[in-house]
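# Coordinate inspection notes
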Amino acid sequence: MTCTAWGMYPKIECEKLHFSTKEALRKIIHNKQELIPYGNGRSYGDSALNHNIIEVKPHNYFLGFDEDKGLLHVEAGVLLSEILEHFVPRGWFLKVTPGTKLITVGGAIASDVHGKNHHIAGCFSECIADFNIMSAEGKIIFCSREQTPDLFKATCGGMGLTGVILDARIYLKKINSKYIDQTTIKTKNLKETFAAFESYKDKPYSVAWIDCLAKGDERGRCLLMVGDFRDDGKLDYKIKKQKSIPFNFPGFALNNWTVRAFNWLYYGKARKGVSHQKVDIDTFFYPLDAIDHWNQIYGKKGFTQYQFILPRETSYEGLEEILTTISKSGKGSFLAVLKLYGKANENWLSFPMEGYSLALDFKMEKGLFSLLDKLDEIVVRNHGRIYLTKDVNVSKETFEKGYPHIETFRQYRKKNKMDEKFQSLQSKRVGI
Amino acid sequence: MSYVLIVGAKSDIAKATAREYAKNGYDLYLAGRNISELENLANDIRVRTQKEVELLELDILEYESHHSFYEQLEEKPLGVISAVGYLGDQEKAQSDFSEARKIMDTNYTGVVSLFNIIADDFAKRGSGFIVGISSVAGDRGRKSNYLYGSAKAGLTAYLSGLRNRLYDARVQVLTVKPGFVATRMTENMDLPEKLTAQPEAVAEDIYSAQQKGKNVVYTKWFWKYIMMIIKIIPEWKFKRMSI
Ligand SMILES: Cc1cc2nc3c(=O)[nH]c(=O)nc-3n(C[C@H](O)[C@H](O)[C@H](O)COP(=O)(O)OP(=O)(O)OC[C@H]3O[C@@H](n4cnc5c(N)ncnc54)[C@H](O)[C@@H]3O)c2cc1C
Ligand SMILES: NC(=O)c1ccc[n+]([C@@H]2O[C@H](COP(=O)([O-])OP(=O)(O)OC[C@H]3O[C@@H](n4cnc5c(N)ncnc54)[C@H](OP(=O)(O)O)[C@@H]3O)[C@@H](O)[C@H]2O)c1
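What counts as what
- Per chain, residue numbering runs from 1 following the sequence as it is written.
- As a convention, the first chain written is A and the first ligand written is 1, with the rest following in written order.
- Reporting in this predicted model follows two pLDDT cut-offs: at least 70 for local features of residues, and 80 or more for side-chain atom pairs to be given and counted; totals over whole chains, interfaces and linings ignore these cut-offs and use all residues.
- Only hydrogens and water are removed before side-chain values are computed, so all heavy atoms of the structure are retained for them.
- Whenever a carboxyl oxygen of Asp or Glu lies within 4 Å of a side-chain nitrogen of Lys or Arg, that contact is scored as a salt bridge.
- Under the DSSP-based scheme used, a helix requires at least four consecutive residues in state H or I and a strand at least two consecutive residues in state E, with every element numbered from the N terminus.
- Residue exposure (1.4 Å probe, protein chains only): buried if accessible area is under 20% of the type maximum, exposed if over 50%, otherwise partly exposed.
- Throughout, a contact is declared for two residues whenever any of their heavy atoms are within 4.5 Å.
- Two parts placed together each lose some accessible area under a 1.4 Å probe, and adding up what both lose gives the buried area.
- Per-residue confidence from the predictor is reported as pLDDT, which spans 0 to 100.
- Should DSSP find at least two bridges between two strands, the strands are taken to pair.
- Clockwise travel from the first strand over the helix to the second, with the strands pointing away from the viewer, marks a crossover as right-handed.
- Residue proximity to a molecule or strand is established when one non-hydrogen atom of the residue lies within 4 Å of it.
- Two N or O atoms count as a polar contact when they lie within 3.5 Å, although within protein this holds only if one can serve as hydrogen donor and the other as acceptor, and sequence-adjacent residues are included solely when both atoms are side-chain atoms.
- The Shrake-Rupley method, run with a 1.4 Å probe, gives the accessible areas here. Residue values count only the displayed protein chains as cover.
- Put simply, Ala, Val, Leu, Ile, Met, Phe, Trp, Tyr, Cys and Pro go in the nonpolar bin, Asp, Glu, Lys and Arg in the charged bin, and everything else, Gly too, in the polar bin.
- Any cysteine sulfur atom paired with another within 2.5 Å is treated as part of a disulfide.
- Aromatic pairing here means that ring centres of Phe, Tyr or Trp (its six-membered ring) are within 6.5 Å. Orientation follows from the plane angle: under 30 degrees is stacked, over 60 is edge-to-face, and everything else is tilted.
- Fitted lines through C-alpha atoms give the axes, limited to the stretch in contact for helices. The angle between two N-to-C directions lies from 0 to 180 degrees.
- In what follows, roughly perpendicular refers to angles from 65 to 115 degrees, roughly parallel to angles under 35, roughly antiparallel to angles over 145, and oblique to any angle outside these ranges.

### Comments concerning the pattern of salt bridges
Taken as a whole and judged by the stated rule, the model has 40 salt bridges over all chains. The partner of Glu204 of chain B in a salt bridge is Lys241 of chain A, and the shortest N-O contact between them spans 2.9 Å. Pair noted here: Glu204 of chain B is in helix α7 (residues 199-211) and Lys241 of chain A is in the loop between β14 (222-229) and β15 (243-244), and the two residues belong to different chains. Overall, Glu204 of chain B belongs to the partly exposed group, its relative accessible area being 33%.

Written out as structure tokens, the structure is:
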């Protein structure tokens, strides 16, 4: 079997291991070396890849719901989309959701994902009451912030390297509409963009699409979109059928010019200055989910998403330098997403910290990794870090500099023999 | 009336179909052997949809029990869906008649026994739907699985006759013909990825065809055309082929 994740790079030979019972999973863990749990493969690079992958997605039973507390108990293979499908009509939404709903709850915990409300609500771990995880020794451990704080801090953001998450209890948030009042702010340059983020930081949801190819005075221009749920009682949410792209687009479809045209179109679409829209959950939170397997537009060779974050103090200069480097390289991105984040949490490998994060796509081509190395260097120099769940290239040195708790994480893994069982291509590359 | 009865409910296609019907507002009777194994699924569906789910023990080969099985349902179902099936071991069945018989009885005789009873009730009532999962294997006998195929061919013909009989009573009869589906039945087979459907996709097709009042549905849809071609190959040619 070939295995790959969302970036379709790398593609490797692997064995997909299915388990029907906990006993069967225990045997798999006992018998095999170098395993890694696999959710829905929406990580971009090699975090979920190794020669043995454990398929968790088929384990998708809902286990219980406490209406009074808004506490939902599900198996780790349940997709966020399944939660929305059944719970939005009943007036519940995820407290934290990333930009796609097609990820598993296990994957959401393992990457400690975040969304447009990070500056207000933090990471996915904030909504977790507790979970069960199967350890390297095949034991099922009940994990919560209070009872097993180290395991909690290691597992949330721990990229599947502490065990297989089996089920979790998560808090949902009450909503009274499937619509969001959105304000779109069009800015002319990076300075305006930063000012806009600051002045709208009380809005619960915010994210910006930035035009990476703009040069000179226009560098850093963006569309900032902020919003909050309406209160109109309209909750008749249905999952829409995805449109599909029927074939692997040839790689050349995404050359510099098409990217530029796309950026211009999107950027050109919004009216000048500030405008208001009423949009639904899928348009606001999950625009990319509208098209099934849009990752194929980058062609057979695949692509990667480069996402880094810089502390507030160095964000402005750092971003300027990075945007300049990218636009000089002529390698551009379909999507570049900029966001102001809130404070870091205590989890050892969680990505977010207070500052600005940029995420952009690059199709796989010659010279890409040396460009990424160059960007890494700027990120490190500005005391930033790289998001593991997107990464496919970062070096051990760059990675370590960004994550101050890495030694604690390593020691914890060693002490609990996790490093003898759970490894991904990524964990081997960055030595964790 | 709000219940749909699904027999052979432990099948992967049936489980996905159960979720599909509950999602669309139906309560469920799920019937099969050792049905308590479905306790977790029943709970899953209740948590997801707040619909009622009842589990009922049923062996399709115990024909004598079928009457009392149907009698016990206090609220009669709106419709019934059978996913009962047994692929069996073709080679073994060629020399061991008990295997051949199990294939025939599970796929054909047992389903007929139960559907006869339900059809009478629906006919009297003048409403309802009956969905039988047959197979593309019933469209033409092939050396690799003609015992299974012939039993499914029997089921297809039975459903066609039943549809004809119940037309005036306004009871819908739907024949479902899946191609390859990734389920427990096929887990050890090396199926071509592009032609193999997931149970969830099959369940959506079943639900949508039933709601639209269709008679026959191939799932995935392209099997209609694949089988069209396989059916027009002349017998003198077909007998020499290995497909
Ligand atoms: C279009 C798009 C938009 C995105 N937007 C965002 C965003 O806004 N914010 C954000 O934070 N992320 C975002 N992501 C990334 C995505 O949310 C994460 O990569 C997520 O972890 C993917 O979950 P998955 O179920 O697909 O897991 P996979 O990709 O299969 O695995 C990801 C990691 O989780 C581990 N894992 C999976 N299941 C388990 C389990 N049961 N037990 C233990 N470990 C497990 C794997 O080992 C691996 O390390 C986006 C991705 C896409 C494709
Ligand atoms: N998978 C495919 O590629 C494919 C293709 C075409 C058609 N089909 C048909 O689709 C239907 C569903 O099959 P599936 O693929 O989901 O496979 P499956 O999981 O093997 O389902 C078959 C079901 O029939 C039940 N069954 C067998 N004998 C029974 C008996 N005596 N009494 C009660 N129940 C009995 C089984 O119950 P137990 O769990 O108790 O064994 C099982 O739940 C079948 O009719 C099959 O022939 C499947």
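### A look at unusual backbone geometry
Geometrically, the link from Tyr9 of chain A to Pro10 of chain A is a cis peptide bond, its omega value of -5 degrees lying close to zero. Look at the link from Thr219 of chain B to Lys220 of chain B: it is a cis peptide, with omega at -5 degrees. As for its placement among the helices and strands, Lys220 of chain B is situated in the loop between β9 (216-219) and α8 (223-232). Positive phi is not limited to glycine here, since Asn34 of chain B has a value of about 45 degrees. Among the structural elements, Asn34 of chain B can be located in the loop between β2 (27-32) and α2 (39-49). What makes Asn34 of chain B partly exposed here is its relative accessible area of 46%. In this model, Gln50 of chain B sits at a positive phi of 60 degrees, which is unusual for a non-glycine residue. Mapped onto the secondary structure, Gln50 of chain B falls in the loop between α2 and β3 (53-57).

### So, α2 of chain B
Since the α-helix advances by 3.6 residues per turn, residues separated by three or four positions end up pointing in the same direction. Taken as a whole, α2 of chain B has its buried residues at Leu41, Ala42, Asp44, Ile45, Val47, Arg48 and Thr49 of chain B. Residues of α2 of chain B that are buried make contact with β6 (62-66), β7 (71-75) and α2 (80-87) of chain A together with α1 (12-23), β2 and β3 of chain B. Just downstream of α2 of chain B, Gln50 of chain B is the residue with a positive phi angle, here 60 degrees.

### Focus: the interface of chain A and chain B
Taken together, the contacts link 14 residues of chain A with twelve residues of chain B. Interface area, chain A with chain B, both sides summed: about 1100 Å², of which 43% is carbon and sulfur. Three residues, Tyr61, Phe62 and His86 of chain A, lead the burial of chain A against chain B; their summed loss comes to 50% of the area buried on that side. Across the salt bridge formed by Lys23 of chain B and Glu85 of chain A, the nearest N and O atoms sit 3.1 Å from each other. Mapped onto the side of chain A that touches chain B, the elements with two or more residues apiece are β6 and α2 of chain A.

### Section: the confidence of the model for chain B
Mean pLDDT over chain B stands at 97; residues scoring 70 or higher make up 100%. Across the interfaces of the predicted complex, the ipTM metric reaches 0.91, alongside a pTM of 0.95.

### What about the pairing of strand β5 (residues 129-133) of chain B?
Residues and elements named next belong to chain B. Burial of β5 is extensive: five of the five residues sit out of reach of the surface. Two elements, β5 and strand β6 (residues 172-178), share five bridges in a ladder whose sense is parallel. Opposite Val131, over in β6, you have Leu174 as the bridge partner. Handedness of the crossover joining β5 and β6 through helix α6 (residues 146-166): right-handed.

### Re the site of ligand 2
Residues and elements named next belong to chain B. Looking at ligand 2, there are 27 residues lining it, with Arg33, Asp59, Tyr148, Val181 and Thr183 nearest. Backbone polar atom of Gly179 to an oxygen atom of ligand 2: 3.5 Å apart, as the coordinates give it. Contacts to ligand 2 include Val181, whose backbone N or O atom sits 2.9 Å from an oxygen atom. If ligand 2 stood free it would expose 870 Å²; the protein chains cover 93% of that surface. At the level of secondary structure, the elements contributing two or more residues to the shell around ligand 2 comprise α1, α6 and β7 (180-181). The residue inventory of the shell around ligand 2, partitioned by class, reads twelve nonpolar, nine polar and six charged.

### Some remarks on the state of the cysteines
All names here are of chain A. Counted according to the given criterion, the structure contains one disulfide over all chains. Paired through a disulfide, Cys3 and Cys14 show a sulfur-sulfur distance of 1.6 Å. With Cys3 in strand β1 (residues 2-3) and Cys14 in the loop between β2 (12-13) and β3 (15-17), this pair connects stretches of sequence that are eleven residues apart. Of the residues examined, Cys3 reaches a relative accessible area of 3% and is grouped as buried. Cysteine Cys127 remains unbridged, with the sulfur of Cys156 as its closest cysteine sulfur at 9.4 Å.

### Considerations on the side chain of Asn40 of chain A
Residues and elements named next belong to chain A. Along the chain, Asn40 turns up in the loop between β4 (35-38) and β5 (52-55). Engagement of the side chain of Asn40 in a polar contact is seen with the side chain of Lys57, the distance being 3.0 Å. Within the local environment of Asn40, its side chain forms a polar contact with the backbone oxygen of Leu102, the two atoms lying 2.8 Å apart. Residues in contact with Asn40, not counting those within four places in the same chain, are Lys57, Leu79, Leu102, Ile103 and Thr104.

### Digging into the packing of aromatic side chains
Summed over all chains, the structure comprises 33 aromatic pairs over all chains. With centroids separated by 5.8 Å and ring planes inclined at 50 degrees, the aromatic side chains of Tyr306 of chain A and Phe308 of chain A adopt a geometry described as tilted. Each member of the pair, Tyr306 of chain A together with Phe308 of chain A, is buried. Here Phe222 of chain B and Trp223 of chain B contribute two aromatic rings whose centre-to-centre distance is 6.3 Å and whose plane-to-plane angle is 35 degrees, an arrangement assigned as tilted. Under the relative-accessibility criterion, Trp223 of chain B is labelled buried at 5%.

### With respect to the packing of helix α5 (residues 97-125) of chain B against α6 of chain B
Residues and elements named next belong to chain B. Look at α5 against α6: their axes get within 8 Å of each other, and the N-to-C directions meet at 10 degrees. Of the possible angle classes, the one that applies to α5 and α6 is roughly parallel. Residue-level contacts link Ala100, Ile103, Met104, Asn107, Tyr108, Val111, Val112, Phe115, Asn116, Ala119, Asp120 and Ala123 of α5 to Leu147, Tyr148, Ala151, Lys152, Gly154, Leu155, Tyr158, Leu159, Leu162, Arg165 and Leu166 of α6. In terms of residue class, the contact of α5 with α6 is made up of 17 nonpolar, three polar and three charged.

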